[in-house]
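Understanding the architecture of this molecule
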Amino acid sequence: PPAPRGKQGGRGAAAKRSPEAGGGKEGPKRRRKLGRADESDWFQSRFSPLGAPSLRLAPLVVGWAAFSSLEPAEQERLAAFLPSPDQPPEQWCAALRSEQLADALTSWQGQLASGDFDPECEDMLNVRRSAALRKALRTQQRGLDRLREAAG
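The structure reproduced in this document is the subject of the present report. All values reported here derive from a predicted model rather than from experimental measurement.

Let us now look at the overall build of the chain. Of the regular secondary structure elements, the chain holds 6 helices and 0 strands. Along the chain direction, N to C, the helices and strands of the chain fall in the order α-α-α-α-α-α. Within the chain, buried positions represent 22% of all 152 residues. A separation threshold of at least 6 residues defines the contact pool for the chain, and within that pool the share at least 24 residues apart is 51%. Accessible area for the chain stands at about 11,000 Å²; split by element, carbon and sulfur atoms hold 55% of it.

Spelled out as structure tokens, the structure:
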């Protein structure tokens, strides 16, 4: 597979400081590449090629044309992952051509690229979530203050 790239195709400030990118205290290391041995990283790592914004999974990879080229037994196995109304064979074509599926895949790719599924990003994600929560609370408080001023 091609060498995995980050969200923007390069290294950001956080990547330059991380041990995996060679900027940590543990000494210089090469950026981790995904290979056959770590298949789970394809679905978890923020460096996964599946998270590349230029890769359109729907409809090219996950779509009716690709699905219909599979063996019937494989189609049935994969159809079990569809929502229950779409699991009957007569619904497969419509389900795999749906705009909802394409949007869900695009959303998943964005989450993958931003590290939402990467165990190594847990601290970073917690910091982001805390900052977003503080910002939302400040915004809410400002709104309440403005309402009090207008009422009083």
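Looking now at the pattern of salt bridges. Enumeration according to the criterion identifies 2 salt bridges in this entry. Among the salt bridges present, the one from Arg77 reaches Glu74, with a minimum N-O distance of 2.9 Å. You can see Arg77 and its partner Glu74 sitting in helix 3 (residues 72-79), 3 residues apart, about one turn around the helix. Among the residues examined, Glu74 registers a relative accessible area of 28% and is labelled partly exposed. One salt bridge in this structure joins Arg148 and Asp145, with 3.3 Å as the shortest N-O distance. Separated by 3 residues within a single helix, Arg148 and Asp145 lie in helix 6 (residues 122-151), roughly one turn from each other.

Let us now look at the packing of aromatic side chains. Counting across every chain of the model gives 2 aromatic pairs. Their ring planes at 35° and their centres at 6.1 Å tell us that Trp64 and Phe67 sit as a pair that is tilted. With Trp64 and Phe67 both in helix 2 (residues 64-68), this residue pair falls 3 residues apart, about one helical turn. By relative accessible area, Phe67 is classed as buried at 7%. Among the aromatic residues, those joined into a ring-pair cluster are Trp64, Phe67 and Trp92.

Our next topic: the side chain of Gln109. Note that Gln109 resides in helix 5 (residues 99-114). Under the relative-accessibility criterion, Gln109 is labelled buried at 7%. Among the polar contacts made by the side chain of Gln109, one reaches the main-chain carbonyl oxygen of Ala52 at a distance of 3.4 Å.

The end-to-end C-alpha separation of helix 5 is 23 Å, in line with the 22 Å expected for 16 residues at 1.5 Å each. All of the buried residues in helix 5 are Leu105, Gln109, Leu112, Ala113 and Ser114. In this fold, the buried residues of helix 5 make contact with helix 6. Directly beyond the C-terminal end of helix 5, a positive phi value near 95° is found at Gly115.

Topologically, Gln111 is positioned in helix 5. Each residue touching Gln111, except ones within four places of it in the same chain, is listed here: Asp116 and Phe117.

Glancing now at a positive patch on the surface. On the surface, Arg134, Lys135, Arg138, Arg142 and Arg146 cluster together into a positively charged patch. Here Arg142 falls in the partly exposed class, since its relative accessible area comes to 47%.

Each value, and the rule that gives it
Residues numbered from 1 in each chain as written. Predicted model: local features only at pLDDT ≥ 70, side-chain atom pairs only at ≥ 80, totals over all residues. Heavy atoms only, no water. Helix = DSSP H or I, 4+ residues; strand = E, 2+ residues; numbered from the N terminus. Buried < 20%, exposed > 50% of the residue type's maximum accessible area, 1.4 Å probe, protein only. Contact = heavy atoms within 4.5 Å. Areas by Shrake-Rupley, 256 points an atom, 1.4 Å probe, with all protein chains shown as cover. Salt bridge = Lys/Arg side-chain N within 4 Å of Asp/Glu carboxyl O. Phe/Tyr/Trp six-rings, centres within 6.5 Å; stacked < 30°, edge-to-face > 60°. Polar contact = N/O pair within 3.5 Å; in protein donor to acceptor, adjacent residues only side chain to side chain. Expected span 1.5 Å × (residues − 1). Patch = residues over 30% accessible without salt bridge, like charges linked within 9 Å, V, L, I, M, F, W, Y side chains within 5 Å. Lys, Arg positive; Asp, Glu negative; His and termini not counted. Charge placed at Lys NZ, Arg CZ, Asp CG, Glu CD.

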